[in-house]
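Listed below are the residues making up each chain.
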Amino acid sequence: QQQVKQSPQSLIVQKGGISIINCAYENTAFDYFPWYQQFPGKGPALLIAIRPDVSEKKEGRFTISFNKSAKQFSLHIMDSQPGDSATYFCAALKGNNDMRFGAGTRLTVKP
Amino acid sequence: EAGVAQSPRYKIIEKRQSVAFWCNPISGHATLYWYQQILGQGPKLLIQFQNNGVVDDSQLPKDRFSAERLKGVDSTLKIQPAKLEDSAVYLCASSPRGGMNTEAFFGQGTRLTVV
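None of these values were measured; they are calculated from a predicted model.

Calculation rules
- Numbering of residues starts from 1 in each chain and follows the order in which that chain's sequence is written.
- Chains carry letters from A onward and ligands carry numbers from 1 onward, assigned in written order.
- Restriction of local features to residues with pLDDT of at least 70 applies here, the model being predicted, together with a cutoff of 80 or more for giving and counting side-chain atom pairs; totals for whole chains, interfaces and linings are based on all residues.
- Values shown for side chains rest on all heavy atoms present in the structure; no hydrogens or waters enter the calculation.
- Among buried residues, those of type Ala, Val, Leu, Ile, Met, Phe, Trp, Tyr and Cys that are joined through side-chain atoms within 4.5 Å constitute a nonpolar core.
- For every residue, the accessible area (1.4 Å probe, protein chains only) is compared with the maximum for its type, and the residue is labelled buried under 20%, exposed over 50%, or partly exposed between those bounds.
- Under the scheme used here, helices are H or I runs from DSSP no shorter than 4 residues and strands are E runs no shorter than 2 residues, and both carry numbers assigned from the N terminus.
- By the convention used here, residues are in contact when the closest approach between their heavy atoms is within 4.5 Å.
- When DSSP finds at least two bridges between two strands, those strands are taken to pair.
- A fitted line through C-alpha atoms serves as each axis, taken over the contacting stretch for helices, and the angle formed by two N-to-C directions is quoted from 0 to 180°.
- Aromatic rings from Phe, Tyr and Trp, with only the six-membered ring used for Trp, were paired whenever their centres fell within 6.5 Å, and each pair was classed as stacked if the ring planes differed by under 30 degrees, edge-to-face if by over 60, and tilted otherwise.

J.: Even after reading the chapter, I still don't get the nonpolar core, so can you show me in this structure?
T.: Nonpolar side chains in soluble globular proteins tend to end up buried together. Grouped together as the largest cluster of nonpolar side chains are 24 residues, with contacts concentrated most on F33(A), W35(A), F73(A), L75(A), Y88(A) and L107(A). Of all the elements in the fold, those that place two or more residues in this core are β2 (10–14), β3 (19–25), β4 (33–38), β5 (45–50), β7 (62–67), β8 (72–77), β9 (86–94) and β11 (105–110) of chain A. Per element, the largest residue contribution to this core is four residues, and it comes from β9(A). Apart from the residues within four sequence positions on either side, L75(A) is in contact with S19(A), I20(A), I21(A), W35(A), L47(A), I48(A), F62(A), T63(A), I64(A) and Y88(A). One finds I13(B), L32(B), L46(B) and I47(B) within the second-largest nonpolar core, a separate group that totals 21 residues.

Structural data, given as structure tokens:
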């Protein structure tokens, strides 16, 4: 049962462009929404996270937009760089356990 | 601060054989997770420990998978017997407390290939 749906599956962006990855969730009990970045051969690393009482969170070039009524959230990467090329996973957590991941988006930033 | 350590990094076994993975979480982290990541998919939670007790193992195929966390520190995940569909990366993660809105730190994973 896929509780977190992520799109697109892959994304190619030119250097300096904006990368946008979208996620939708079903369970309104989720109360924490992190984004993870994973490079080949490495484990996922937390990039940025948001709670549902906030509509937007920005950290450097990375911004999460959160729409509670639509049960959707997205990651925006401004001024995308080749070093941002990685697989990005959205996730949703409820309570103190059971973090569900999206299927992932493979981002390629072309120089 | 040392990260989550996992071993081995790679393992190739034949189907019906058994295999074990080891995880050493970040010192002081009470919560430990095992995830299965099949190629092209997001990680799927197999089991979560809080100290040495199991919090959630609802998605662990208990007929062939087992895990333990003795003394609330290191953990081992075992598969016996392995099937072809068990080929995946097995990720261990830990977090400081019960996982309530806290970051989980992941190890590099063990890539298992079942042939």
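Still more to cover.
J.: Just to check I follow, could you spell out the sheet that holds strand β7 (residues 65–68) of chain B for this structure?
T.: What holds strands together in a sheet is hydrogen bonding between their backbones, with the strands either parallel or antiparallel. Residues and elements named next belong to chain B. One open sheet accounts for four strands, arranged β1-β3-β8-β7; its pairing is antiparallel. Each edge of the open sheet carries a strand with a single partner, namely β1 (5–7) and β7. Taken pair by pair, the neighbouring strands of this sheet meet at an average axis angle of 15°, ignoring direction. Where β7 lies against strand β8 (residues 75–79), four bridges are found, and the strand directions are antiparallel. Note on β8: the bridge partner recorded for F65 is I79.

J.: Even after reading the chapter, I still don't get the packing of aromatic side chains, so can you show me in this structure?
T.: Aromatic ring pairs are defined here through the distance separating the ring centres and the angle between the ring planes. Following the criterion strictly, the structure yields 17 aromatic pairs over all chains and no others. Residues F101(A) and F106(B) carry aromatic rings whose centres are separated by 6.1 Å and whose planes lie at 75° to one another, so their mutual orientation is edge-to-face. With F101(A) in strand β10 (residues 97–101) and F106(B) in strand β10 (residues 105–106), the pair connects residues from two separate chains. Judged by its relative accessible area of 11%, F106(B) falls in the buried class.

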